[in-house]
Amino acid sequence: MRRYVYIDDSDQQDLYCDNRISNRKYTILNFLPKNLWEQFSRFMNQYFLLIACLQLWSLITPVNPASTWGPLIFIFAVSATKEAWDDYNRYLSDKQANEKEVWVVKQGTKKQIQAQDIHVGNIVWLRENDEVPCDLVLIGTSEPQGICFIETAALDGETDLKTRVIPSACMGIASELLHKIKGVIECSNPDKDIRRFDANLRLFPPFIDNDLCPLTINNTLLQSCYLRNTEWACGVAVYTGNETKLGMSRGIPEPKLTAVDAMIDKLIGAIFLFQIVVVIVLGIAGNVWKDTEARKQWYVMYPTEGPWYELLVIPLRFELLCSIMIPISIKVSLDLVKSLYAKFIDWDEEMYDEETTTPSHATNTAISEDLGQVEYILTDKTGTLTENRMIFRRCCINGIFYGNESGDALKDKELLNAVGSNNPDVIRFLTVMALCNTVVPLKSKSGVISYKAQSQDEDALVHAAARLHMVLVNKNGNILEINFNGLVILYEILDTLEFTSDRKRMSVVVKDCQNEKLILLSKGADEAILPCAVSGKQVRTFVEAVEQYAQLGLRTLCLAWRELREDEYKEWSLMFKDANSTFVDREWKLAEVCQRLEHDLEILGITAIEDHLQDGVPETIETLRKAGINFWMLTGDKQNTAIQIALSCNFISPEPKGQLLLINGKSEDEVCRSIERVLLTMKITTSEPKDVAFVVDGWALEIALKHHRHAFTELAILSRTAICCRVTPSQKAQLVELLKTCDYKTLAIGDGGNDVRMIQQADIGVGISGREGLQAARAADYSIGKFKFLKRLILVHGRYSYNRTAFLSQYSFYKSLLICFIQIFFSFISGVSGTSLFNSVSLMAYNVFYTSIPVVVSVLDKDLSERTVMEHPQILFYCQAGRLLNPSTFAGWFGRSLFHALVVFVVSIHAYADEKSEMDELSMVALSGCIWLQAFVMTMETNSFTILQHLAIWGNLAFFYIINCIVSTIPSAGMYTIMFRLCKQPSYWITMIYLMELLCISAHCDCRDGPGASA
């Protein structure tokens, strides 16, 4: 489907949406029903709603309905309030954006309106530092060369200014005529791809006689960018409101389910089944006792005949009694503590990068415990392991090596002499370095030239050319001005053949304004340039240069050029224009047309650029490997470069301790044989203490994933380390998916836009706020300033989060099972009738107040110091194996709750079940035993005490007595004077002390029977 945008035509305003931005999830009218629907879409909430509704049936409810309705309403209110607050903040943000004042042209008249009133087809005028209110096609700027500069940090996080240029059809149109311009823009329907815009512009006479002008992303200003260093610019609105590229890319990402959450869901299912069994058994027992024994007791007074549903009454009573086996507050408690885990990461000063003033940040607050269970880390290389600071070090020009002795080609006397003597090979080489790029030169008032480059490689090459006296001075429209040793040379850019990850090269067609010669300048990866060399030309020297530089860990680019015949260029230019104007498969057709020109190239030489490793990378990788974490490097660099970087950062061990196995091949058979050979070697060496890794390039990887996926998966399972070279962004994501299908917990880390797919595909995505911008950091679950902070993120924050979540979740089940088992034991001495030992107020307070605060404060607990964890990374093994939360550990907590319930019940019954004791006294004694028990278990399970933890544990115990003393003063509360009477009785305090003694003895026995056992 296509969209036709008529410039400044009011008749089309109703065809497309206006520019009102709305990121709100709710409205005032639909908030309550929509929010309730979302909350009740969860099984647990449906379950508790059913229980609460059953409690409204007075015949079966053993307690006041408030005991369930109170906590349920409280939890729903907390969730709804959070949702409402978040949505209100979104509303304020939308309101601010919608009400901004902007200048537009309507019917040839310039007027000021609110941003929300912009319609498709309106001409929007911007001034310097204005924010772009919608997606525009640029048609005019204040710069005579027709360019403007924009800051896209809000869109993709990249801080360098980018250049945008007006379409060729609009070149030369005076600014006073722009508000009268008429024409049509043919473009695709809205999409979220911020790097692509395929469209055509046709202006109506008298401006141009219906000539078709292709448009690309370089002719657009996208919403939320800012106009910089340009007095004014204007453009035609093509996408507005939520149909802009930014608006289309907004949305809630798919929630990630952690391994702990998955285990909790399984445990809830198991408890639910156990609860059903208990309810059925006790229901049958209750009905049998009622029919055999209860009717014999004169005080029971059961009717001789009951209603048809009489057999269901006792089972339903037990269902209501046992409903607290599943803690109603567990999800809210986990969400709260997970938010605190995320804040701990945000507040961690040791993960603050002072060089870039970048703090660590947790975008996803729900998966911190997964950090402690990571098994595979898949990492990008450039900008992630390295600094992404490119320095021109060496080069090979026409077979002559420069910089090999000094390590710096820019100081090589031979090269400087060649430049000074106007060596033609060197001059052409420097010309390609200076011209074949998208760099924009900027001259300050003092005459100093600076460069704005979208690529660190291009920046390094242009600066190196300038150091060698080939200075890119100015770019005026399509005219480039070069200053070489004081001589000004002008070139006209006719066409740009842009770089893509598939082509792996870029080219420009230029015309030398001195002699009118047409020249094709190309640069790219050696495997993309060398095969295009003129036939019969020896390229062995260049291949050897690439290999030599790669062995040194340097990044290489191959430079080439070719003189073009005028008739050849004209014929090709028509095909290029047609391909540039098409809507269907434009990128593929452009690549095909480009290939028609990029042949018979004269190879000029090889550049070698150095990219230093970041500080702490080797130590971080070595430490994490000791923690049992496997590493895969996924890079676009060539094989030897990647291998040298891997060796230098402890990714793999050098011979003889390490062994590299290569997977190569261009056909299915070659790749198959290569994989089989590597697999066989892997299986043989698994018994040897040898560090084995495999290396695969993008071509072989494509074949392996498509035709030999099973064998490659087996290889992935066997290998701890892999180096994948020349891979595309989609292949990176495929490798992450492959490891996830093997049930491995994956973490992907990168710094650029080409890493986003990999980061989003992984269980945990980590982005580095690097020189390539913030696009990866924004798409990630966590962002850090440097790779070295990954060690602390996993070993400290990940491990602590897993430990604490494992304890909190099992303890939540434990405290609920404890009170439930006491209820079940009481049923055996109350005629299995489903009568509750505890009153409604006590049950509600037990779940919401008495036992929640100490659990939440457990987020401060540390079983080991941070220093110990960092020095002994092997400690992470048991987190990866899930040894703190699994059916076995839960069975221990289940047994503990059963034993503790039995102790509390038996002691309470023997101490207070006499003729002088009231039922309420017995209930309060058992409840007091449970509260003392919570304090005891929390004390035993806490490894490091802080003031907050002491306040939470002992303050909570004091709080229990204060609350119950207050309630005991209220006659209508059903507990009138109970606590006062108990506190005056020595037997009450003796009972509590006796309970603690019994539990201390049992805890001591547990510790002697097995390591790690506790009460």
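Residues numbered from 1 in each chain as written. Predicted model: local features only at pLDDT ≥ 70, side-chain atom pairs only at ≥ 80, totals over all residues. Heavy atoms only, no water.

1. Considerations on the pattern of salt bridges
Put simply, the rule reads: For this analysis, a salt bridge means a side-chain nitrogen from Lys or Arg found within 4 Å of a carboxyl oxygen belonging to Asp or Glu. Runs of H or I in DSSP of at least four residues are treated as helices and runs of E of at least two as strands, each being numbered from the N terminus.
Applying the stated rule across the entire model yields 44 salt bridges. Across the salt bridge formed by K95 and E99, the nearest N and O atoms sit 3.4 Å from each other. Between K786 and D353 there is a salt bridge, and its shortest N-O distance comes to 2.8 Å. In this pair, K786 is assigned in the loop between β33 (782–784) and α24 (789–827) and D353 in the loop between α8 (330–347) and β14 (361–362), connecting sequence segments 433 residues apart.

2. Some remarks on empty space enclosed by the protein
Condition: Any residue with an atom within 4 Å of a point lines the site, the site being either a cavity, points on a 1 Å grid over the protein atoms alone where a 1.4 Å probe fits but cannot get out, or a pocket, an open set with protein on both sides within 12 Å along at least 5 of 7 lines. Grid points are joined across faces, edges and corners, and a volume is the space filled by probe spheres set on the points. Polarity classes work like this: nonpolar for Ala, Val, Leu, Ile, Met, Phe, Trp, Tyr, Cys and Pro, charged for Asp, Glu, Lys and Arg, and polar for all others, with Gly in that last group.
On inspection of all chains with the given rule, the structure shows 4 cavities of 30 Å³ or more. Considering only enclosed or pocket space, the second largest cavity measures out at about 50 Å³ in volume. Lining the second largest cavity are Y850, P854, I931, Q934, A935, M938, I953, N956 and L957. A per-element tally of the lining of the second largest cavity places helix α30 (residues 919–941) first, with 4 residues. Residues belonging to the lining of the second largest cavity are distributed by class as follows: 7 nonpolar, 2 polar and no charged.

3. Notes on the nonpolar core
Where we set the bar: Among the buried residues, those of types Ala, Val, Leu, Ile, Met, Phe, Trp, Tyr and Cys that are joined through side-chain atoms within 4.5 Å form a nonpolar core. Type-normalised accessible area, obtained with a 1.4 Å probe on protein chains alone, sets the label of each residue: buried when under 20%, exposed when over 50%, and partly exposed for intermediate values. For this analysis, residues touch if any pair of their heavy atoms sits within 4.5 Å.
Counting 142 residues, the largest nonpolar core has I377, L747 and L790 as its most contacted members. Counting residues per element, this core draws most heavily on α24, at 23 residues. Every residue in contact with I377, bar those within four places of it in the chain, is listed here: L624, I629, N630, F631, W632, L747, I749, L790 and I794. Of all hydrophobic cores here, the second largest spans 48 residues; its members include V105, L136, C148 and C213.

4. A few points about the packing of α24 against helix α29 (residues 887–912)
Test applied: Axes here mean lines fitted to C-alpha atoms, for a helix over just the part in contact, with angles spanning 0 to 180 degrees between N-to-C directions. Take the far helix as your reference; a near helix turned counterclockwise from it by less than a right angle gives a left-handed crossing, and one turned clockwise gives a right-handed crossing.
Packing of α24 against α29 leaves a shortest axis separation of 8 Å and a crossing angle of 40°. In this structure, α24 meets α29 at a crossing whose hand is right-handed. Contact residues: F807, Q810, Y811, F813, Y814, L817, L818, F821, I822, F825 and F826 in α24; T889, F890, W893, F894, R896, S897, L898, H900, A901, L902, V904 and F905 in α29. Counted by class, the contact of α24 with α29 contains 18 nonpolar, 4 polar and 1 charged residues.

5. Details of the sheet that holds strand β12 (residues 226–228)
In sheet architecture, strand pairing relies on hydrogen bonds along the backbone and comes in two forms, parallel and antiparallel. Going by this rule: Paired strands are those between which DSSP finds at least two bridges.
The strand order β7-β6-β12 describes an open sheet built from 3 strands, whose pairing is antiparallel. Single-partner strands in this sheet number two, and they are β7 (162–165) and β12. Direction aside, neighbouring strands of the sheet carry axes that sit 45° apart on average. Sheet topology note: the strand β6 (residues 147–151)/β7 ladder contains 4 bridges and is antiparallel. The residue bridging F149 from the neighbouring strand is T163, located in β7.

6. Notes on the layout of surface pockets
With a probe scaled to a water molecule rolled over the atoms, the places where space remains empty come into view. Quantified by volume, the second largest pocket comes out at close to 890 Å³. Surrounding the second largest pocket, 28 residues form its lining, K504, E527, K666, W699 and R726 being those nearest its centre. Of all the elements in the fold, those that place two or more residues in the lining of the second largest pocket are α12 (526–529), α15 (586–597), α17 (639–648), α19 (698–707) and α21 (729–741). Taken together, the residues of the lining of the second largest pocket sort by class into 6 nonpolar, 9 polar and 13 charged.

7. Points about the confidence of the model for the protein chain
The line we're drawing: One confidence number per residue, pLDDT, is output by the predictor and ranges from 0 to 100.
Per-residue confidence for the protein chain averages 84 on the pLDDT scale, and 92% of its residues sit at or above 70. Counting contacts from residues 1007–1015, a segment whose pLDDT is below 50, to residues more than four positions away or on other chains yields 14 contacts.

8. Here's the deal with the sheet that holds strand β13 (residues 232–239)
Reading across from one edge, β3-β2-β4-β13-β5-β11 is the order of the 6 strands in this open sheet, with antiparallel pairing throughout. The sheet is open, and its two edges are formed by β3 (109–114) and β11 (220–221), each paired on a single side. Strand direction decides the pairing type here: strand β5 (residues 135–141) and β13, joined by 6 bridges, are antiparallel. Within β13, the residue paired with D135 across the bridge is Y239.

9. Focus on helix α2 (residues 43–54)
As a reminder, the rule being used: To estimate the expected span of a helix, subtract one from its residue number and multiply by 1.5 Å.
Between its terminal C-alpha atoms α2 stretches 17 Å, which fits the 16 Å expected from 12 residues at 1.5 Å a residue. M44, N45, Y47, F48, I51, A52 and L54 are the residues of α2 that are buried.

10. Remarks on unusual backbone geometry
For T357, which is not glycine, the phi dihedral falls at a positive 50°. T357 gets classed as exposed once you look at its relative accessible area, which sits at 52%. With a phi close to 65°, E516 is a non-glycine residue in the positive phi region. Within the fold, E516 resides in the loop between β23 (505–512) and β24 (518–524).

11. Structural notes on the side chain of T163
For T163, the position within the fold is in strand β7. You can call T163 buried: its relative accessible area is 18%. Every residue in contact with T163, bar those within four places of it in the chain, is listed here: I147, C148, F149, V440 and Q454.

12. What to know about the pairing of strand β25 (residues 555–564)
For β25, the tally of buried residues reaches 9 of 10 residues, placing the bulk of the element in the interior. Note: β24 against β25, 7 bridges, orientation antiparallel. Residue pairing for β25: L520 is matched across the bridge by R562. As paired elements, β25 and strand β26 (residues 602–613) share 7 bridges and run antiparallel to each other. Note on β26: the bridge partner recorded for A560 is I603.

13. Overview of the packing of aromatic side chains
Filter applied, for reference: Side-chain rings of Phe, Tyr and Trp, where Trp is taken by its six-membered ring, are said to pair if the distance between their centres is within 6.5 Å; with planes under 30 degrees apart they count as stacked, over 60 as edge-to-face, and otherwise as tilted. Over a ring means this: the NZ of a Lys or the CZ of an Arg is within 6 Å of the ring centre and within 35 degrees of the ring normal.
In this structure the tally under the stated criterion is 29 aromatic pairs. Taking the centre distance of 6.2 Å and the plane angle of 85° together, the rings of Y376 and W632 count as edge-to-face. Separated by 256 residues along the polypeptide, Y376 in strand β15 (residues 376–379) and W632 in strand β27 (residues 630–634) bring together distant segments of the chain. By relative accessible area, which is 2% here, Y376 ends up buried. With relative accessibility at 0%, the residue W632 sits in the buried group. Joined through ring pairs, the aromatic side chains of F274, F813, F821, F890 and F894 make up one cluster. We note R3 situated over the ring of Y16; from NZ or CZ to the ring centre the distance is 4.0 Å. It is R896 that lies over the ring of W893; its NZ or CZ is 4.3 Å from the centre.

14. Considerations on the packing of helix α13 (residues 540–551) against α17
Going by this rule: Note on angle classes: values under 35 degrees are labelled roughly parallel, values over 145 roughly antiparallel, values of 65 to 115 roughly perpendicular, and the remainder oblique.
Between α13 and α17, whose axes approach to 7 Å, the crossing angle comes to 15°. Accordingly, the angle class assigned to the pair α13 and α17 is roughly parallel. Classified by chirality, the crossing of α17 by α13 is right-handed. For the pair formed by α13 and α17, the contact residues are E547, A550 and Q551 on the first element and N640, T641 and Q644 on the second. Class assignment of the residues belonging to the contact of α13 with α17 gives a composition of 1 nonpolar, 4 polar and 1 charged.

15. A short note on the side chain of D512
Selection rule: In this tally, Lys and Arg are treated as positive and Asp and Glu as negative; His is ignored, and so are the chain termini.
Structurally, D512 can be placed in strand β23. Comment: no salt bridge for buried D512; closest opposite-charge side chain is K517, at 7.3 Å. What D512 contacts, discounting residues up to four positions off in sequence, is I489, L490, Y491 and K517.

16. Comments concerning helix α10 (residues 424–435)
So the rule is basically this: By the criterion applied in these results, polar contacts are pairs of N or O atoms within 3.5 Å in which, for protein atoms, one can donate a hydrogen and the other can accept it, and in which residues neighboring in sequence qualify only through two side-chain atoms.
With 12 residues, α10 should cover 16 Å at 1.5 Å per step; its first-to-last C-alpha distance of 16 Å lies within 8% of that length. Most of α10 is tucked away: 10 of the 12 residues are buried. For α10, the complete set of buried residues consists of V426, I427, R428, F429, L430, T431, V432, M433, A434 and L435. Capping the start of α10, N423 holds a side-chain oxygen 3.0 Å from the backbone nitrogen of D425, two or three residues further along.

17. A few points about the state of the cysteines
Selection rule: Two cysteine sulfurs form what is called a disulfide whenever their separation falls within 2.5 Å.
Under the defined criterion, the tally for this structure stands at 0 disulfides. Cysteine C187 remains unbridged, with the sulfur of C134 as its closest cysteine sulfur at 12 Å. C672 forms no disulfide, and the closest cysteine sulfur to it belongs to C724, at a distance of 18 Å. Residue classification places C672 among the partly exposed residues on the basis of a relative accessible area of 22%.

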